[in-house]
Amino acid sequence: MTKRYWVIGGEYEDAEFGHLVPGTEKMAGPFDDEHKARTEWTRLTCCPEKSGNATTRYAIAAETLH
């Protein structure tokens, strides 16, 4: 089975990470391999303009293609 990967997330209302702030949602992808997705995840989570914002979070999601 083939997989493709997405980076999803944004800024959350608080440190409980229960609800995204409307309008801050981001989705990047699809990526053909996990390494490419991880590179994008690193760019989004470690970029200078995001540092210090403890309520921004991204995750990598995998989708199985049949």
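Above this text sits the structure in question.
The structure reproduced in this document is the subject of the present report. Being a predicted model, the structure only gives us computed values, none of them experimental.

Turning our eyes to something else, we now look at the sheet that holds strand β1 (residues 2-11). Taking strand neighbours across the sheet as the criterion, the three strands line up as β2-β1-β3 in an open arrangement whose pairing is antiparallel. Every other strand in the sheet has two partners, leaving β2 (26-31) and β3 (56-65) as the edge strands with one partner each. Averaged over all neighbouring strand pairs, the angle between strand axes comes to 20 degrees, with direction disregarded. Taken together, the ten bridges between β1 and β3 define a ladder with antiparallel strand orientation. For E11, the partnering residue across the bridge sits in β3 and is T56. Seen against the sheet, helix α1 (residues 34-46) touches β1, β2 and β3 and runs at an angle of roughly 165 degrees to β3.

Calculation notes
Residues numbered from 1 in each chain as written. Predicted model: local features only at pLDDT ≥ 70, side-chain atom pairs only at ≥ 80, totals over all residues. Heavy atoms only, no water. Pairing = 2+ DSSP bridges. Helix = DSSP H or I, 4+ residues; strand = E, 2+ residues; numbered from the N terminus. Axes fitted to C-alpha atoms, helices over the stretch in contact; angles between N-to-C directions. Contact = heavy atoms within 4.5 Å.

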